[in-house]
Amino acid sequence: MNKGWKVMKLYNNRALTTYFILQPIIDIITGIMKYNTSLTISLAMIVRFLFIIYCAIYLIKSKNKKIFIFALIWLIYCTISTVGNFYIKNNFSIVHHIYNLFRVAYFQITLLFFYMYMKNNKSIDTKVFTSMGLIVGVSFIISLITNTSFCSYAEFDNCLERGYQGYFFSANEYGSILIALLGYQMIELLRNKKLINFVVLLMLTLFLCLLGTKTSIMGLYGLLIGFIVYHIVTLFIDKEKRLNNKYALVFFAILCVVTLCIKKLPVYFNLYTQYQVVVETNKNENPEITDEELKTQVSNSLVFNGRNDYVAVNKVIYKNAPLFNKLFGITDQDNYYEGQLMKQVNERDFHDLYMFYGIVGLIVELLLPGYLFFKLISSLIKKIKVLLNDETVILGFTLVLLLGVGYMAGHSLLHPGVSFYIAYVINDLIKKVDKIS
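These figures come from a predicted structure and were not determined experimentally.

1. A short note on helix α6 (residues 127-145)
Turning to step 1, where the next piece is worked out: With 19 residues, α6 should reach 27 Å at 1.5 Å per residue; the first-to-last C-alpha distance of 27 Å fits that figure.
Turning to step 2, where the next piece is worked out: Contact partners of the buried residues in α6: α2 (13-36), α8 (171-192), α9 (195-211) and α19 (416-435).
Turning to step 3, where the next piece is worked out: Trailing α6 by a residue or two, Asn147 shows a phi angle of about 60°, which is positive.

Next comes the structure, spelled out in structure tokens:
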């Protein structure tokens, strides 16, 4: 009993705060390691695996029957999916499949952990996100000054045109993380009104602008425009409560500067170049292509970066797959399209969940988020004035944008480094809504 009590003492906001602050440091070290070594296991993989064990122990110690039932459902699904695919598919790697299942389960475990933990504890102090943003921002500035930044899409000579990603490994994944950090930094500026909050906000904005991905710039515009529009609308509803006019003007000023400079940013060069290539290629291959068909091709390329082509191919594979694979997933192994081995996933999270983990896998994955979504909507209906609270609205925008990135470009729900933030934002939003009387 005493031993169990000592274990539970490890679960407090101080311990979680330390882990949160370590996130960008881990990502920086992992990025440098991946670019300079050929190791298959990274620091991020090791630390985040240990965090899952940390979460699992807490959930087991809670002795909640619903948690054990939920875990049993996951165990049954994983077992059937692994064993069934092992017998159906040739050259099927159980280790690789278990790794993929772990990536899906990571979001579930962290989501459930934060839900259970935050029922009895306060949210993490938003000042922690200022520290995280400062680490990210300073590291990015250093990488620019020293010309040591990794490029988002090409070698260093083309970084200015294609995009800078600092010392982080994946531009798409870190774009999502920056959206989460920016959302919390907006909250921190509104709450504490300190110079350091404004400085970190500007550094995160700069990073999002120079990253060169459309999802990063969409996240920046989404948060700034979303808050400004919300602020204007609520001015007519609750004039006395709207005390943040000058901060709305700060966000508007940042938005104007970014818009004025948009043609100089990497994302403009990337999208314009991509547009020219798509139009020229399609007209050369099919001179009789209609404007509507060309528009569809341009949209697929610019919005989804060609991912719709992967979706179309994987849909055919999924449609022709045995019933077992429709239910438990075609996985990313031993799939053939027109006689060619197809290993490319869709890189759109919701499509990947449906096809590669099957109908059953999708249902199992949505059980917990669905429950929390229902809980959140129920609270919003009962507390409609929550929609006049700056912090909950910004968190809501942040969550919608993160899920939107998962739909458009993937790298969110199925990537532990990003899904960690999504899991926390969901539960923090629920916590804040519940606190408002």
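So that's the structure; there's more coming.
2. Description of the pattern of salt bridges
Turning to step 1, where the next piece is worked out: Scanning the model with the defined rule gives three salt bridges in all.
Turning to step 2, where the next piece is worked out: Put simply, Arg48 and Asp27 hold a salt bridge, and the shortest N to O gap is 2.9 Å. Note that Arg48 is positioned in helix α3 (residues 43-62) and Asp27 in helix α2, a separation of 21 residues in sequence.
Turning to step 3, where the next piece is worked out: Exposure remark for Asp27: the relative accessible area of 10% places this residue in the buried category.
Turning to step 4, where the next piece is worked out: Between Glu391 and Arg191 there is a salt bridge, with the nearest N and O atoms lying 2.6 Å from each other. Of this pair, Glu391 sits in helix α18 (residues 390-409) while Arg191 sits in helix α8, placing them 200 residues apart in sequence.
Turning to step 5, where the next piece is worked out: Judged by relative accessible area, which is 36%, Arg191 ranks as partly exposed.

3. A word on the nonpolar core
Turning to step 1, where the next piece is worked out: Core analysis: the biggest nonpolar cluster contains 120 residues, and Phe20, Phe51, Phe113, Phe114, Met186 and Phe251 have the highest contact counts within it.
Turning to step 2, where the next piece is worked out: With sequence-adjacent residues up to four places away left out, Phe251 is seen in contact with Met186, Leu189, Leu190, Leu201, Leu224, Phe227 and Ile228.
Turning to step 3, where the next piece is worked out: Val279, Ile289, Leu294 and Val298 belong to the second largest nonpolar core, which has five residues in total.

4. Comments concerning the side chain of Ser149
Turning to step 1, where the next piece is worked out: Along the chain, Ser149 turns up in the loop between α6 and α7 (159-162).
Turning to step 2, where the next piece is worked out: In this structure the side chain of Ser149 is engaged in a polar contact, spanning 3.0 Å, whose partner is the backbone nitrogen of Gly166.

5. Comments concerning the packing of α2 against helix α5 (residues 94-120)
Turning to step 1, where the next piece is worked out: The interhelical angle for the contact between α2 and α5, taken along N-to-C directions, is 145°, at an axis separation of 13 Å. Judged by the sense of rotation from one axis to the other, the crossing of α2 with α5 is left-handed. Contacts between α2 and α5 involve Asn13, Leu16, Tyr19 and Phe20 from the former and Tyr106, Phe113, Phe114 and Tyr117 from the latter.
Turning to step 2, where the next piece is worked out: Classifying every residue of the contact of α2 with α5 gives seven nonpolar, one polar and no charged.

6. Description of helix α17 (residues 358-382)
Three or four residues apart is the spacing at which side chains of an α-helix point the same way, because the helix has 3.6 residues per turn.
Turning to step 1, where the next piece is worked out: Taking 1.5 Å per residue, 25 residues should reach 36 Å; α17 reaches 36 Å between its end C-alpha atoms and fits that length.
Turning to step 2, where the next piece is worked out: Maximum bend of α17: about 40°, positioned at Leu367, with proline Pro369 one to four residues after it.
Turning to step 3, where the next piece is worked out: Of the residues making up α17, those classed as buried are Gly358, Gly361, Val364, Glu365, Leu368, Leu372, Leu376 and Ser379.

7. A closer look at unusual backbone geometry
Turning to step 1, where the next piece is worked out: Non-glycine residue Lys63 carries a positive phi angle of around 55°.
Turning to step 2, where the next piece is worked out: Since its relative accessible area comes to 66%, Lys63 is described here as exposed.
Turning to step 3, where the next piece is worked out: With phi around 55°, Asp334 is a residue other than glycine that occupies positive phi space.
Turning to step 4, where the next piece is worked out: Along the chain, Asp334 falls in the loop between α15 (323-328) and β1 (336-337).

Thresholds, definitions, all that
- Residues numbered from 1 in each chain as written.
- Predicted model: local features only at pLDDT ≥ 70, side-chain atom pairs only at ≥ 80, totals over all residues.
- Heavy atoms only, no water.
- Helix = DSSP H or I, 4+ residues; strand = E, 2+ residues; numbered from the N terminus.
- Expected span 1.5 Å × (residues − 1).
- Contact = heavy atoms within 4.5 Å.
- Salt bridge = Lys/Arg side-chain N within 4 Å of Asp/Glu carboxyl O.
- Buried < 20%, exposed > 50% of the residue type's maximum accessible area, 1.4 Å probe, protein only.
- Core = buried A, V, L, I, M, F, W, Y, C linked by side-chain atoms within 4.5 Å.
- Polar contact = N/O pair within 3.5 Å; in protein donor to acceptor, adjacent residues only side chain to side chain.
- Axes fitted to C-alpha atoms, helices over the stretch in contact; angles between N-to-C directions.
- Left-handed = near helix turned anticlockwise from the far one by under 90°.
- Nonpolar A, V, L, I, M, F, W, Y, C, P; charged D, E, K, R; others polar.
- Bend = angle between axes of the 7 residues up to and from the residue.

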